[in-house]
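# Descriptive analysis of the structure
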Amino acid sequence: MMPTVRPARPAVPRALLPLILTATLPLSGCTPILNGLTGNLTLHPNPTAPAVQGADRVSGTYTGTGRYGLLNNRYRLVLNVNVAANRADGVLTNTGNARSYAVTGRFVPVTDDGGSVDAELFEGGRKAGTLVARVRNGELRGTLATLAFAYDVTLTRQP
C-alpha cells in the first residue's frame, strides 16, 4: 500500500492572496514619491535630483589634445560621471594610434556644471597612467600621466 501524499499548505491562505496583491499594487506607483522616506517615516526631498542634473552637464564625449613639449596627441574621452557616488568612469582613446584605456576614479563636484576628476587608466588589466583634471564650462583641463610622459590635456565637450 502506497503512503498518502498530502499537498503542502500554502503559507498564505488562497482566499487572502487577491486581497494582499490588490493592497500592494497601489504602493508600487509611489516609489518615486517615497524615495526620500527614512526609517523614522519622515519624508525628505530626493537628494539625487540635483546630482543627476550635474552629471548631465559633465558626462559626455570630450575631444582635444595632449601636449608634452613638441609632442601633440589627439584624444577622445567618453566620460560618465555619477555625482551622488563621486565616481568617474569612461574610455580614453588616443585617436592617433587608436589605443584605448579604461578610466576609473573619483569625481568631486565643485559647481553645478563642473568638478575635479582623479582617475587611473588601465590597458588590458594593467595600470597605464593617471588623469587628474578639472572640468568646468564644458572643458576638461589637467594632466594625463602615462608610463613615459606627462601630457597637459585640454579637451572640449562635444554637443
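Note that the structure is a prediction, hence the values are computed from the model and not measured. (Residues numbered from 1 in each chain as written. Predicted model: local features only at pLDDT ≥ 70, side-chain atom pairs only at ≥ 80, totals over all residues. Heavy atoms only, no water.)

## Re the overall build of the protein chain
- Secondary structure summary: the protein chain contains two helices and eight strands in total.
- In sequence order, the secondary structure elements of the protein chain are arranged as α-α-β-β-β-β-β-β-β-β.
- Taking all contacts inside the protein chain whose residues are at least 6 apart in sequence as the whole, residues at least 24 apart take part in 27%.
- Of the roughly 10,800 Å² of accessible surface on the protein chain, 59% is carried by carbon and sulfur atoms. (Helix = DSSP H or I, 4+ residues; strand = E, 2+ residues; numbered from the N terminus. Contact = heavy atoms within 4.5 Å. Areas by Shrake-Rupley, 256 points an atom, 1.4 Å probe, with all protein chains shown as cover.)

## As for the side chain of E123
- Looking at the element boundaries, E123 is found in strand β5 (residues 114–123).
- Reaching out from E123, the side chain makes a polar contact with the side chain of R99 at a distance of 2.7 Å.
- Non-local contacts of E123, meaning those with residues more than four positions away in its chain, are made with R99, S100, Y101 and A128. (Polar contact = N/O pair within 3.5 Å; in protein donor to acceptor, adjacent residues only side chain to side chain.)

## Some remarks on the nonpolar core
- Grouped together as the largest cluster of nonpolar side chains are 24 residues, with contacts concentrated most on Y62, L77, L140 and L144.
- The contact partners of Y62, leaving out residues within four places of it in the chain, are R57, Y75, R76, L77, L79, V135, G138, E139, L140, L155, T156 and R157. (Core = buried A, V, L, I, M, F, W, Y, C linked by side-chain atoms within 4.5 Å. Buried < 20%, exposed > 50% of the residue type's maximum accessible area, 1.4 Å probe, protein only.)

## Brief notes about the sheet that holds strand β4 (residues 99–111)
- Reading around the circumference, β1-β2-β3-β4-β5-β6-β7-β8 is the order of the eight strands in this closed barrel, with antiparallel pairing throughout. Recorded for the sheet is a direction-independent mean angle of 25° between the axes of neighbouring strands.
- Judged from the seven bridges that link them, strand β7 (residues 139–146) and strand β8 (residues 150–157) form a sheet pairing that is antiparallel. Within the sheet, the bridge partner assigned to E139 lies in β8 and is T156. (Pairing = 2+ DSSP bridges. Axes fitted to C-alpha atoms, helices over the stretch in contact; angles between N-to-C directions.)

## Notes on a nonpolar patch on the surface
- Residues Y68, L71 and F149 make up a contiguous nonpolar surface patch of about 250 Å² in total accessible area.
- Residue placement: F149 occurs in the loop between β7 and β8. (Patch = residues over 30% accessible without salt bridge, like charges linked within 9 Å, V, L, I, M, F, W, Y side chains within 5 Å. Salt bridge = Lys/Arg side-chain N within 4 Å of Asp/Glu carboxyl O.)

## Regarding the confidence of the model for the protein chain
- For the protein chain, per-residue confidence averages 79 on the pLDDT scale, and residues scoring 70 or more make up 65% of the total.
- Low pLDDT, under 50, characterises residues 24–51; the predicted model gives this stretch twelve contacts beyond four residues in sequence or across chains. (pLDDT = per-residue confidence, 0-100.)

## Notes on the layout of surface pockets
- Estimates place the volume of the largest pocket at around 240 Å³.
- As for the largest pocket, its lining consists of 17 residues, and the residues nearest its centre are R99, Y101, A128, T146 and L147.
- Going through the elements one at a time, β2 (71–82), β3 (87–94), β4, β5, β6 (126–136) and β7 are the ones with two or more residues in the lining of the largest pocket. (1 Å grid on protein atoms, 1.4 Å probe; cavity = no way out; pocket = protein on both sides within 12 Å on 5 of 7 lines; lining within 4 Å. Points joined across faces, edges and corners; volume = space filled by probe spheres on them.)

## Re the environment of R74
- Relative to the helices and strands, R74 resides in strand β2.
- R74 sits 80 residues away from T154 along the chain, and the two C-alpha atoms are 9.8 Å apart.
- For R74, the contacting residues outside a window of four places in its chain are G64, T65, T93, N94, T95 and G96.

## Structural notes on the environment of R136
- With respect to the helices and strands, R136 occurs in strand β6.
- Taking the relative accessible area as the measure of exposure, R136 reaches 47% and is therefore partly exposed.
- For the pair R136 and G115, spaced 21 residues apart in sequence, the C-alpha separation works out to 6.6 Å.
- With near-sequence residues (within four places) excluded, R136 lies in contact with D113 and G114.

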